Structures are given as C-alpha cells and as structure tokens.
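Summary of structural features
Chain by chain, the residues:
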Number of protein chains: 2
Amino acid sequence: MSSAKGISGGISGAASGVNLPVLRSHNTALVLDLLRTAGPDGISRLEVADRIGLTPQAVSKITARLRAEGLAAEAGRRASTGGKPRTVLRLVPEAGHAVGVHLDRDALRAVLVDLTGAVVAERGASLDLGAGKAAVVDGVVREVSALVEGRGTLLGVGVGLPGPLDHALGVLHRVTGFPEWDGFPLREELERALGVSVVVDKDTNAAALGLAVGGQGESFAYLHFGAGLGGALVLGGVVHRGARTGAGEFGHQVVQLDGPVCECGNRGCVEALCLAAVGRGDYEEAARVLGTGAANLVALLDIDVVLLGGRTVAARPECFVRGAAAVLEERGRRVGEDAVPVRVAPGGGREVAEGAAQLLLAPLFGRGEG
Amino acid sequence: MSSAKGISGGISGAASGVNLPVLRSHNTALVLDLLRTAGPDGISRLEVADRIGLTPQAVSKITARLRAEGLAAEAGRRASTGGKPRTVLRLVPEAGHAVGVHLDRDALRAVLVDLTGAVVAERGASLDLGAGKAAVVDGVVREVSALVEGRGTLLGVGVGLPGPLDHALGVLHRVTGFPEWDGFPLREELERALGVSVVVDKDTNAAALGLAVGGQGESFAYLHFGAGLGGALVLGGVVHRGARTGAGEFGHQVVQLDGPVCECGNRGCVEALCLAAVGRGDYEEAARVLGTGAANLVALLDIDVVLLGGRTVAARPECFVRGAAAVLEERGRRVGEDAVPVRVAPGGGREVAEGAAQLLLAPLFGRGEG
DNA sequence: CTACTTTCGCAACGCTGTTGCCAAAGTGCA
DNA sequence: TGCACTTTGGCAACAGCGTTGCGAAAGTAG
C-alpha cells in the first residue's frame, strides 16, 4: 500500500476529469494535511516536497498562498545540517473552526474544534430523540449557537447519530427505536436553521473518521459496544460507507447459524450473542464472540488494527481487549502471520462528537469525498 | 455514489502530488475507458466531455492525440439533431494486447486478449503446481510464447493463481497445498524469462477485476466455490486487496461458533460447513450457508450484488443462486430494503484467465493502481 | 436558396508545476 | 577573522494543461 497513487483509480462511471483548479486544490489539501499531521512542531518545505512528490519550488508557491490566506505560518527553524537551516511551517489552528454534534438516544453532546481537530469548547444536554422533530432540531440549534458565539470562521456543523440514514443526502431512515424519523431531511433542516454547511453521518462512521484523521491507522475496524453493537470500517484511509451508507453493520453479522433469535429478526447475530453473554455476566464469553466477529473482519478485509469503543467496553476495557486479542492471536498462529492488534479507541466518550466535526474538516485535508 | 470525485481522497500518507503529466494521463485514461465501455458502437466527443466534466475542446485535444497514436479511430456519424452530426469515436481493439494466465493446482490456461478485453486466442495445458518451480515457470513461458507469436504490441502478462501471495511485490507465500512456493518471486522470474511486464494476483482477485471491468457492478462480492471456497471484493469499482493482498478470505469466515473443525484449524468456517453439506449431497443446505455468509458481506459492506462462480456452483447454478437469494431476500424484508441480487458470474470457466489479462489492461483505463 | 443549429478545430489565454539561476544563511576549516 | 562550501528558498522564464473566443464545416427547416 505504499504505491504513490495520486489520482483516484476509482469509479469509472462517476470518475470525473481533472482541470487546473481541481489539481490545485488537491495539491493544496495534501500540503495542509502534512502540516496538520506534523502538529505544533511543524514541517519544512523540503520535507513536504519530498513526501508529496512535487518540487520544492511548487511547495514554496503553495505555502506562500497558504500563509497569505492565514492558514499557515512560519514557526522557527531547524538546526542546520551544514547549510542554511530549514524554515519550519505549521498550521494556524485558529484559522478555522467546526462543530461536531453527537445525537444519542437520550443526550446531545457538541464540541467546537479548531483546524487541528483539538476541542476548544464543549457543551452537553439531555435530549430525547423521541421528543419530536422540532424539539430535537431546536435543541441542536441552541447548543450549536451557544458554542459558536463570537467565533469568526465556522466551516460548518457535523452531526453523528444512530442509523440507518443516507450520508450523501443527509436524510434519516428508520432510526432504530425511533421510526418516526423516517424520511426526515435533517441536513437540509439544520442548514436552513443554522445558516451554515451541515453534514450528517452514522455515529460509528463519524467516530471512525475521527480516529482515521487522528492517525489511528490506514485500515481498521471500529467496533462500538454500548447498548447495542455497531461498527464502522476505514479502508485505505477512507471511511467505507457503501452506496447507501449501510456499511459497517457489524452487530448483525451471523456467527452462529440457527443461534438465538436477535431483535433484528435474524438468528445468531454477534450482537444477540454478546448482549446475552453480558446479561449473564459472562464478559469473557462476550469478548470471545466479539473477537470471533473481529477475526472475520480481519480475514475478509485484511485490516491493520481493531479498535474498540462504547460504554460496555469502557466498563471493562482490559477484559474485552484481552479476550478479542486472544482470538486474533490464535488466528495469526494458524495463518503464520503476526496477530492483528486490538486496542481501545481513544476519545473518552467524545469520539463521535469529535469525529462529527471532522466531517467538515477532513475534506480540507483531502480526506473524504468533499 | 454519484458524487463526481475526480481525485483520490485516499491514503494521506501515500497520496502524492499531481503535476501536469499525471493530470494528462488521468484524463486520457478516463477518455479511453469511455471509449472501451461504449464498445463498437462508439461514442461522440460531446458525450465524452459531458461524462467526464471537461470541455469539448479538451476532449478534442485528447482524442486527437489518441487517434494519432492509433488507439482511437473515427467510426461514422450519428444522425443529426438539427445541425452538424456528431462524429463517433471508437477504441481500436488491435492497438494493444495482453496475456492472462490462470495457474491452477493441476492446469494452466492462457488467453490473449485485445484492448477491449475480448479473447483473441487461447491455450491450455495440464501442469502440476507441485512439479517444481522451474517446470512451472517453463510451462508458463512456453504457453505465453506460443500465444503471442507474431503479435506486435504486448502490454504484458497477468497471472492469477491461488494465494496467499503479495500482489504488489509479486512474491508468493505459502500457497495452499504447496508450501514449497513460499517466498518465490514469481513476478520477477517471469519478467526476466519473458522480457515483458508481469503482474501477479490471487485467482479470485483476478476474476473479480475482470468482472468489474466487464461492467458487472460498482461494488460486489465474487464468491468462488470450487474445490474450496474463496472470494474477492470489489468496492467502489476497485478490487479491495488490503495491505497484504489478504482480503477476500471468505471461506474461513466463521458462521458457527464452535462448529465443526475446518482444515484451517478454526471451527465453523463457511467453507467447512459448505463442503460438509456438499459431501452429504445436501446442496440446499450448502446454498443456505453460502447465502448466510453472503448476507454477512452485504450487511457489512453494503454491496450491490453477489456473484457466484466455481465448479461446484457451475454444476448446480439454479440451486445455489436460489438458495443464497432466499437468505438475502429474507434479510431484505427484515431491514425494509430491496434484496441484493445474486447472480452467476459470466465467464464459463475462463474468468480467472480473462481477469488476469485485465491486470495489465485495467491501468490503461484508470482502473487499478497502475 | 436562405436562415438556423450544431459540431469541432484553431488561436490566444490563464494558470499549473518545472527549470535555471542567484541571494541568503548557515557550517567548517585555515 | 576570513574564505570555501553546503543548503535553503525565492525570482523569472518556460512548457504544457484545460479554457475561452471565434469561425469554418455540415447538417436541417422553411
């Protein structure tokens, strides 16, 4: 996966031609992403040029534009290696902000992040998803407005909530437990009420995007075990949503033919087995089942790491990590490869809100389809 | 998935900058792909311009180059719509050829295809993968040489064979049943012996690439049920190989916790269950298990279609299609969506060889990482 | 035959990254 | 302290990309 592919070899039917403005914004995004990844330590022009494969002169032109626009700034110099020392560039975090909103079944959490993705401010409120559309929209508008009060440049608002929904259109489907939301154009309604760009995505997808941007890996599965069991996939640095934002349905993977009935109507789903085990207090078994499902993903998708999140995992992180890792280690032994590692996803319960903000930020850095 | 994304939002670490030559070859590939897709009927310049989002003038420049290079030609005119009639362009099939080789456990099949992917000539031979490296390499060289005798422009040779292996490096791993191949640099050896470019891939991946290029869908799973049970994934028009060419391991997806032991050492693999059912003569059950595994993929990846191939399926196509489709239809009812269709993959036993040839052709048309 | 529509190439243009060159700013040694 | 050398990075000229403006070519409609 180290091939230097610069232009999408993707969807032929939808792939579009590239002209100079598109080329320019692509290269600019690459530079911005390197500046972001470098963090406060910064990165030199020559290193940027080397990493993205353009000449130093081209990078100088691009960074000059970025500095003129206030997105980048000089940040000291490196030690000399026998000649003129390199000038270090860094991203200006406060040059832009975005809001991420996590709409859960019974609560709302909103964060304001800067260009680097760091949380600048945060708010929370209790909010029943079943309380009606107007109440929920009003609640989001209230919290977002309070957060952005007095800030200058707001790129937009990202919202992560339980699916199913349509990410591209921003329309909800029959949100599990709240069928009355079916067909509601949440994106459109919020854009009208807030007057800024809004992007909507499944909660797990938002969290996975945040983890991907945060450098957790190029290809991984994020498994969220809270009241239910969900998941999201990052393949080659990109969140895989599928054509209908339906991808990542990890909870209803069948791992026991003709097993116990799940509330989805199927039998032997990972979620049903895990919830049953947790209900019995048998967390070891829950971890083993989770690990079996994870091992299926590893075999199917050849991912690099498995990240665990959610309340149930957070209550016993070592147990779930150890139990799932044991299954993957045995698989590694069988196929003669190093085991794929299992880790707890960082975030501390804010991962969905932070990831939702990345729905707006990521396109700036060439991640996502924006 | 209709967003017109022209430039990859992909792997930030490996994503590379785009300069004018890269831009040019990208747009040229898009035009070539449209010419290929249009077939012998051809396509007009204005339609190309409309599809890829460039101006007609830019398309005229690109097609003028292609005609000068002999890759495209004029092919009559369309009926007028009130003005000058459109000139139709088509791909010149004989402007380039590629060879695809299918190395199976006991046989070799090689096809010579033209630019459109149509088979021009074909050869077969019996060849034991266990007969030793020199014998196998010699066998491939002999058949390929006989095929290309007297042809002008050979783009290269693609080879599809059982995994695991490393697609990027062209190095084999412990090929199932033939551990002596571990570490053998097949690509390098063949390039030296043949003097042309060689690309190596898993047999199922090659077949899936051929199906993707052949217009079978944007996102699908190809499930190959022969002596064993394998698979390959096409996501967003691109074969998903994973970082180590390990993706697509469908046969060893666990669908029955603590089920019967599989020869891979695990328990309850789809392959073990399907083979056992077939061994009992219970094809309905084999189809049901296969369908359950397929339904897992549909839920996890949100794919558009499931394609079945392989000897065992070919022996009872209706049975497997019907049985698997039944599982997917029930899933569709549960989640309130149309069922994902199941079809038999076209190809008639040549799909791996034809797909292997596409390992060389596809990059010309902007598909794959070439 | 005239008016109109549509296709498509030529020429000029703006903007991209590249190349050649040189000033700036360090290190290292005499 | 001074000189040679290395490395960085900006200025200017350049080649090549798609775009724009315009006109010739090739049809239809009346």
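For the structure, check the block above.
So, a few notes on the structure that sits alongside this text. Throughout, residues of each chain are indexed from 1 in the direction in which the sequence is written. Lettering of chains starts at A and numbering of ligands starts at 1, both following the order in which they are written. Side-chain atom pairs in this predicted model are given and counted only at pLDDT of 80 or more, local residue features only at pLDDT of at least 70, and totals for whole chains, interfaces and linings cover all residues. Just so you know, side-chain values use all the structure's heavy atoms and leave hydrogens and water out.

1. Considering the relation of the copies chain A and chain B
Least squares is used to superpose the copies, and the fit set is the C-alpha atoms of residues whose pLDDT is at least 70 in both copies. By a simple turn and slide, chain A fits onto chain B: the slide is 0.0 Å along the axis, the RMSD is 0.1 Å, and the turn is 180 degrees. The superposition operator between the copies reduces to a two-fold rotation axis.

2. Remarks on the sheet that holds strand β3 (residues 87-91) of chain B
All names here are of chain B. Spatial ordering of the open sheet is given by β1-β3-β2, a layout of three strands whose pairing is antiparallel. Edge positions in the sheet fall to β1 (43-44) and β2 (72-77), since each has one partner strand and no second. What makes two strands pair is DSSP finding at least two bridges between them. A helix here means a DSSP run of H or I that spans at least four residues, while a strand means a run of E at least two residues long, and both kinds are numbered starting from the N terminus. As judged from the four bridges shared by β2 and β3, these two strands associate in the antiparallel manner. Looking across to β3, one finds that Ala-73 is bridged to Arg-90. Taken strand by strand, helix α1 (residues 20-38) contacts β1, β2 and β3, and its axis lies near 95 degrees from that of β3. When checking whether two residues touch, look at their non-hydrogen atoms; a contact exists if any pair is within 4.5 Å. Here an angle of 0 to 180 degrees is reported between the N-to-C directions of two axes, which are lines fitted to C-alpha atoms, with helices fitted over the stretch in contact.

3. Description of the protein's contact with DNA strand D
Being near a molecule or strand, for a residue, means having at least one of its heavy atoms within 4 Å of it. The local shell around DNA strand D holds 29 residues, among which Ser-60, Arg-86 and Thr-87 of chain A together with Arg-24 and Thr-55 of chain B are the closest. Within 4 Å of the protein, atoms of DNA strand D come from sugar and phosphate in 61% of cases. Polar contacts, as counted here, are pairs of nitrogen or oxygen atoms within 3.5 Å of one another; within protein the pair requires one atom able to donate a hydrogen and one able to accept it, and residues that are adjacent in sequence qualify only if both atoms are side-chain atoms. Within the backbone of Lys-84 of chain B, a nitrogen or oxygen atom sits 3.5 Å from a base nitrogen of DNA strand D. Residue composition of the surface near DNA strand D, by class: 10 nonpolar, 12 polar and seven charged. Residues were grouped as follows: Ala, Val, Leu, Ile, Met, Phe, Trp, Tyr, Cys and Pro as nonpolar; Asp, Glu, Lys and Arg as charged; and all remaining residues, including Gly, as polar.

4. A closer look at the side chain of Thr-204 of chain A
All names here are of chain A. Here Thr-204 shows up in helix α6 (residues 203-213). One polar contact links the side chain of Thr-204 to the main-chain carbonyl oxygen of Gly-231, over a distance of 3.1 Å. The contacts of Thr-204, once residues within four sequence positions are left out, are Tyr-222, His-224, Gly-230, Gly-231 and Ala-232.

5. A few points about the interface of chain A and chain B
If you look at the interface, chain A gives 73 residues, while chain B gives 73 residues. Between chain A and chain B the total buried area reaches about 6,600 Å² when both faces are included, carbon and sulfur atoms providing 54% of it. Here a salt bridge means any side-chain nitrogen of Lys or Arg lying within 4 Å of a carboxyl oxygen belonging to Asp or Glu. Where chain A touches chain B, the interface holds six salt bridges. One salt bridge in this structure joins Asp-304 of chain A and Arg-244 of chain B, with 3.4 Å as the shortest N-O distance. Connecting chain A to chain B are 34 residue pairs in polar contact (both at pLDDT 80 or more). Mapped onto the side of chain A that touches chain B, the elements with two or more residues apiece are α1 (20-38), α2 (45-52), β12 (229-235), β13 (238-240), α8 (283-301) and α10 (317-335) of chain A. A total of eight residues in the side of chain A that touches chain B trace back to one element, the largest contributor, which is α8 of chain A. Partitioned by chemical class, the residues of the side of chain A that touches chain B number 31 nonpolar, 28 polar and 14 charged. Buried area, as used here, totals the accessible surface that two parts lose on assembly, with accessibility defined by a 1.4 Å probe and the loss added over both.

6. Describing the sheet that holds strand β5 (residues 107-114) of chain B
Residue and element names in this part refer to chain B. On the basis of which strands lie adjacent, the open sheet formed by five strands has the order β6-β5-β4-β7-β10 and mixed pairing. On the outer flanks of this sheet lie β6 (119-126) and β10 (198-202), each paired with one strand and no other. When the angles between neighbouring strand axes are averaged without regard to direction, this sheet yields 15 degrees. Two strands pair when backbone bridges link them, and strand β7 (residues 154-161) and β10 are joined in this way by five bridges, in the parallel orientation. What sits directly across from Leu-161, in β10, is Lys-202. Relative to the sheet, helix α5 (residues 186-194) contacts β7 and β10, its axis offset from that of β10 by approximately 145 degrees.

7. Quick look at the packing of helix α4 (residues 133-148) of chain B against α5 of chain B
Residues and elements named next belong to chain B. Two elements in contact, α4 and α5, have axes whose closest approach is 10 Å; the angle formed by their N-to-C orientations is 45 degrees. The pairing of α4 with α5 is recorded here as oblique in orientation. Note that α4 runs across α5; the crossing there is right-handed. Of the residues in α5, those touching α4 at Val-137, Val-140, Val-141, Val-144 and Ser-145 are Leu-186, Leu-190, Ala-193 and Leu-194. A breakdown of the residues in the contact of α4 with α5 according to their chemical character gives eight nonpolar, one polar and no charged. Orientation categories follow fixed angle ranges, with anything under 35 degrees roughly parallel, anything over 145 roughly antiparallel, 65 to 115 roughly perpendicular, and all other angles oblique. By convention the crossing between two helices is left-handed if the near helix lies anticlockwise of the far one by an angle smaller than a right angle, and right-handed if it lies clockwise.

8. Description of the packing of aromatic side chains
All names here are of chain A. Between rings of Phe, Tyr and Trp, where Trp is taken as its six-membered ring, a pair exists when centres lie within 6.5 Å; planes separated by under 30 degrees are stacked, by over 60 edge-to-face, and by other angles tilted. With the rule as written, the count across this model stands at four aromatic pairs over all chains. Pairing Trp-181 with Phe-184 gives two aromatic rings, centres 5.2 Å apart and planes at 75 degrees, and the pair type is edge-to-face. Exposed residues in this analysis have more than 50% of their type's maximum accessible area, buried residues have under 20%, and partly exposed residues fall in between, with area computed by a 1.4 Å probe over protein chains only. For Trp-181, a relative accessible area of 2% corresponds to the buried category. The ring of Phe-365 carries the charged tip of Arg-36 above its face, separated from the ring centre by 5.3 Å. As a reminder, the over-ring test applies to NZ of lysine and CZ of arginine, requiring each to be within 6 Å of the ring centre and within 35 degrees of the ring normal.

9. Topic: the protein's contact with DNA strand C
Around DNA strand C, a shell composed of 29 residues is seen, among which Arg-24 and Thr-55 of chain A together with Ser-60, Arg-86 and Thr-87 of chain B lie nearest. Sugar and phosphate atoms form 64% of the subset of DNA strand C atoms that lie within 4 Å of the protein. Between DNA strand C and the protein, one listed contact pairs a phosphate oxygen with a side-chain N or O atom of Arg-77 of chain A at 2.9 Å. Gly-82 of chain B is positioned with one of its backbone polar atoms (N or O) 3.3 Å from a base oxygen of DNA strand C. Breaking the surface near DNA strand C down by element, the ones donating at least two residues are α1 and α3 (56-68) of chain A together with α2 (45-52) and α3 (56-68) of chain B.

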